[in-house]
Amino acid sequence: MKKINSFDFLDDKKISEKIIYFHHNNVTTVRFLIPSIHCSSCIFILESLPKFHKNILESTVDFSSKQVWITFNNIELRLSHLAELLEKMGYKPSINFESIEKRKTEKNYFDRKLIGKLAISFFCFGNIMLLAIPGYIGAYKDSWFLENRNFFRYLMLILSLPVVIFSFVDHVKHAIFGLKKHVLNIDVPISIGILVLFLWSLYEVFFDLSSGYFDTISSFSLFLLISKMLQVHTHNKILSFKNSYKSFYPVLITKIDNDNNEKKIFLSSLKKKDIIIIRNEEIIPADSVLIKGKAILDNSFITGESYLTIKKIGDRIYAGSKQKGESIVLKVLKNIDHSYLSHLWNKNKSNSNYYKKLYYLNSISNKLSQYFTPTILMISIITGIYWYLNNDIQKIFQTTFSVLIITCPCALVLSTPLIFGSIIRFFSRKNFYVKDIFTMEKISTVETLIFDKTGTLTSPDKEKIFFIGNIKYEEKKIIASLLKNSIHPLSQKILSELSIKNFYSIQNFREIVGKGLEGIINNIPVKIGSQKYLGITKKLNDKTTVSVSINNKFIGYFLFRNHYRKGIRNIFQNLKEYKIVILSGDQNELEKKYLKSILPRSGKVFFSQSPEDKLNYVKKLQKKGEKVMMFGDGINDCAALSQSEVGVAISENTIGFFPSCDAFLQSDYLNQIFLFLKISKISRKLVIINFMISIFYNVVGIFFAATGNLKPLIASILMPLSSFSVIFFSVISTWIISRKFIF
């Protein structure tokens, strides 16, 4: 008889399209909501899927939204079988198509489930404690209570059953899955503690020895749930900073309105059936259909593969694909889903490059969490052996379980995300959008700051443009038709200056990053870019220029008068404790001399730098052990930004989306860099203080528990206080910082 897979419905194309975000040939990327994701070991297991299944190419977890993005070979592995595999691992996907579009509904549902458990645990705990009170106050001396003691004990046993089932099932499930993947997580000692404590209580009740530890089990479960509720609440308020900055993404898209006019709109305003223009190097923000132009797509952000795919008019194009060529016109098929762009932004550039960048604080957190559970189990066993050798059976269980219960690594796990998550949320109010807590850790450790010049230190909106040479209206129209396909700041500035509304179609469009662009318009070859790109040997000017060649004939060049951002001298003076380097593709010696004059003495300026030169310079510094933070416009600098420990894209109103960067900074707030760096260093110290609080709490708790001076009931009450103390310190300390520095 054929086995029925509960996820067979996912193989229906109409249904699968709701959760598939990319599909091309044998590669598919799908998003699943996994409600059971609850700790770092869950993330480790799910992101290790490619190691355990050859047909899974990549797996990325978004902890804050409890979602996993999986790229897999759809020929060898069906979508339904993938969902079944996750279910067997204990991470059953929640397939609720209405709630996929409305995350709030799902979120409330799972909160209600947790509240339900809390209510039952509170009821059982309250009644068990009432039944246990007579024993605490010496009621065994009373003959009536002594005769009816079994009624109280068995009633406590019955009331403890739902508590034990809730707690044990939740923890043992994750403990088993962790052990299968060779991960010894905190669920292991908790599961052992609950199970053995319950079995020992049964033994004492059945043999009429005492009333057992049902009060301890119920209090432990209740306070653990309260702690979890507080963590969830704090997580939603502090760690879900994505919700606060998604609406303020400095990302615009070009939309064609009903009058066939182009206008820039915020990505958040993009809706189904909108008509949009995508230029060279821009990322398609939503699933769309091609209605005009030739789509040459780079899907490396989705699949990791660098090959290009060609789409014809009428073909479907998935969100996340990048156009490589002339402008194309698309009709949006799905409403924009910011979480997908967040996934692209947070997606690892490469596993080796990503993990090697997780620095000091994260390594401490990971190592402490990794060795925490084995250490606690060892201490618990040694404690039990010690009291066994002293022939004190009662002390064996009291001390062993007190050690298991009092210790909690939650504070270690919570510390970094709470502090850095709060700071990220505060930074977003100053238009500095940092993608995740790991980036915050890296910002706090950088030593070298690298700046691009054009579009970063200079303000494109305030530059004055002159054309040196003779130019006719027809030539202006040809130039504008070529420039409209590029998102480079200089291209967009010249295009705006030309004020052309109608454009020619273009063929064989090509843009070489850092050099220029070319194409064929009305059967005439056109090239725009640097002197070197156009083959001009004669030096034209000492200022920034963009040369133009039409029909293989040089007709002149656009001359830019740079306008540096306000307070540029003070910016560098405030950053003198850092090593500052300016890398620019400019060849203007006068500009170079000016920049040297405003930099600290240790600062360096390099001109005539190609994108490859910038990338190689960053690698050179990293080989020396330096940690680099680079600021650029996100276009020519994408390779260097990606290679840097922290890459920051600077822009007025970005019309592209650059997953290669780690943060966005609104250009008006460039003068706040020193403040951002200072706060990141302070927040790093706060994380270390939190570590110290947690370690001190656990060391003191273990000492009292192992020496027999701490009863399991008291330990179960004190255990969640570790998390409370970390949450309290994190919230208060970051609030003080925000009031002092940001508001």
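For the structure itself, look to the data block above.
Conventions used here
Residues numbered from 1 in each chain as written. Predicted model: local features only at pLDDT ≥ 70, side-chain atom pairs only at ≥ 80, totals over all residues. Heavy atoms only, no water. Helix = DSSP H or I, 4+ residues; strand = E, 2+ residues; numbered from the N terminus. Buried < 20%, exposed > 50% of the residue type's maximum accessible area, 1.4 Å probe, protein only. Contact = heavy atoms within 4.5 Å. Areas by Shrake-Rupley, 256 points an atom, 1.4 Å probe, with all protein chains shown as cover. Polar contact = N/O pair within 3.5 Å; in protein donor to acceptor, adjacent residues only side chain to side chain. Pairing = 2+ DSSP bridges. Axes fitted to C-alpha atoms, helices over the stretch in contact; angles between N-to-C directions. Patch = residues over 30% accessible without salt bridge, like charges linked within 9 Å, V, L, I, M, F, W, Y side chains within 5 Å. Salt bridge = Lys/Arg side-chain N within 4 Å of Asp/Glu carboxyl O. Left-handed = near helix turned anticlockwise from the far one by under 90°. Nonpolar A, V, L, I, M, F, W, Y, C, P; charged D, E, K, R; others polar. Phe/Tyr/Trp six-rings, centres within 6.5 Å; stacked < 30°, edge-to-face > 60°.

Asker: Please set out the overall build of the protein residue by residue, giving values where relevant.
Answerer: When helices and strands are tallied, the protein shows 28 helices and 26 strands. Each of the 743 residues in the protein was classed as buried or not, and the buried ones make up 57%. Within the protein, contacts between residues at least 6 apart in sequence are counted, and of these 69% link residues at least 24 apart. Surface accessibility of the protein: about 33,900 Å² in total, with carbon and sulfur atoms responsible for 58%.

Asker: I'd like to hear about the environment of Asp452, residue by residue, with values.
Answerer: Among the structural elements, Asp452 can be located in the loop between β15 (448–451) and β16 (464–469). A relative accessible area of 3% places Asp452 in the buried class. Between the alpha carbons of Asp452 and Lys614 there is a distance of 9.2 Å; along the sequence they are 162 residues apart. Apart from the residues lying within four places of it in its own chain, the contact partners of Asp452 are Leu457, Leu583, Ser584, Lys614, Phe631, Gly632, Asp633 and Asp637. Side chain to side chain, Asp452 and Lys614 meet in a polar contact 3.0 Å long.

Asker: Give a description of the sheet that holds strand β1 (residues 20–24) that names residues and reports values.
Answerer: The sheet built from four strands is open, its strands ordered β1-β2-β4-β3 with antiparallel pairing. The sheet is open, and its two edges are formed by β1 and β3 (56–62), each paired on a single side. Neighbour-to-neighbour, the strand axes of this sheet turn through a mean angle of 15°, independent of strand direction. Pairing of β3 with strand β4 (residues 67–73), which is carried by six bridges, proceeds in the antiparallel orientation. Directly across from Ile56, in β4, lies its bridge partner Phe72. Across the sheet, helix α4 (residues 79–88) touches β1, β2 (27–33), β3 and β4, and the angle it forms with β2 is around 40°.

Asker: Would you mind going over the sheet that holds strand β12 (residues 322–323) in detail, with residue names and values included?
Answerer: Strand order in the open sheet made by the three strands is β10-β9-β12, with antiparallel pairing throughout. With partners counted over all chains shown, the strands left at the sheet margins are β10 (308–311) and β12, one partner each. Pairing of strand β9 (residues 295–298) with β12, which is carried by two bridges, proceeds in the antiparallel orientation. The residue bridging Asp298 from the neighbouring strand is Lys322, located in β12.

Asker: An account of a nonpolar patch on the surface is requested, with residue identities and associated values reported.
Answerer: A surface patch of nonpolar side chains, amounting to about 540 Å² of accessible area, comprises Tyr154, Tyr203, Phe206, Phe207 and Leu209. Checked against the element boundaries, Tyr203 lands in helix α9 (residues 187–206).

Asker: Mind laying out unusual backbone geometry, listing which residues take part and the relevant values?
Answerer: One non-glycine residue with positive phi stands out, namely Asn523, at about 65°. Residue position: Asn523 is located in the loop between β18 (516–521) and β19 (524–529). Assessed through its relative accessible area of 70%, Asn523 is described here as exposed. With a phi angle near 60°, Ser608 is a residue other than glycine that sits in the positive phi range. Within the secondary structure, Ser608 sits in the loop between β23 (604–606) and α24 (611–623).

Asker: Any chance you could break down the packing of helix α19 (residues 473–483) against helix α20 (residues 489–498) for me, citing the residues and the numbers?
Answerer: Where α19 meets α20, the closest approach of the two axes is 9 Å, and the angle between their N-to-C directions is 145°. Regarding α19 and α20, the two cross each other, and that crossing is left-handed. Contacts from Lys476, Ile479, Ala480 and Leu483 of α19 reach α20 at Ser491, Gln492, Ile494, Leu495 and Leu498. In terms of residue class, the contact of α19 with α20 is built from six nonpolar, two polar and one charged.

Asker: Which residues make up the pattern of salt bridges, and what values do they have?
Answerer: In the structure shown here, the tally under the stated rule is 13 salt bridges. Across the pair Lys614 and Asp452 runs a salt bridge, and its minimum N-O distance is 3.0 Å. Of this pair, Lys614 sits in helix α24 while Asp452 sits in the loop between β15 and β16; the two residues are 162 residues apart in sequence, bridging distant segments of the chain. Residue Lys614 shares its accessibility class with Asp452, and that shared class is buried. Here Lys579 ties to Glu626 by a salt bridge, and the two come within 3.2 Å at their closest N and O atoms. Taken together, the residues Lys579 in strand β22 (residues 579–583) and Glu626 in the loop between α24 and β24 (628–632) connect sequence positions 47 residues apart. A relative accessible area of 23% means that Lys579 is categorised as partly exposed. What makes Glu626 buried here is its relative accessible area of 15%. Ionic contacts of the salt-bridge type, sharing partners, join the residues Arg149, Arg153 and Asp208 into one network.

Asker: Explain the environment of Phe467 to me, using residue names and the numbers behind them.
Answerer: One can find Phe467 in strand β16. In the structure, Phe467 is positioned 93 residues away from Phe560 in sequence and 9.0 Å away in space, judged by C-alpha atoms. Apart from residues lying up to four places away in sequence, Phe467 is in contact with Val548, Ile555, Gly556, Tyr557 and Phe558.

Asker: Break down the packing of aromatic side chains for me, citing the residues and quoting the values.
Answerer: Tallied over the full model, the rule gives 17 aromatic pairs. Centre to centre, the rings of Phe606 and Tyr617 are 5.2 Å apart; their planes meet at 50°, and the pair counts as tilted. Here Phe606 is found in strand β23, whereas its partner Tyr617 is found in helix α24, with eleven residues between them in sequence.

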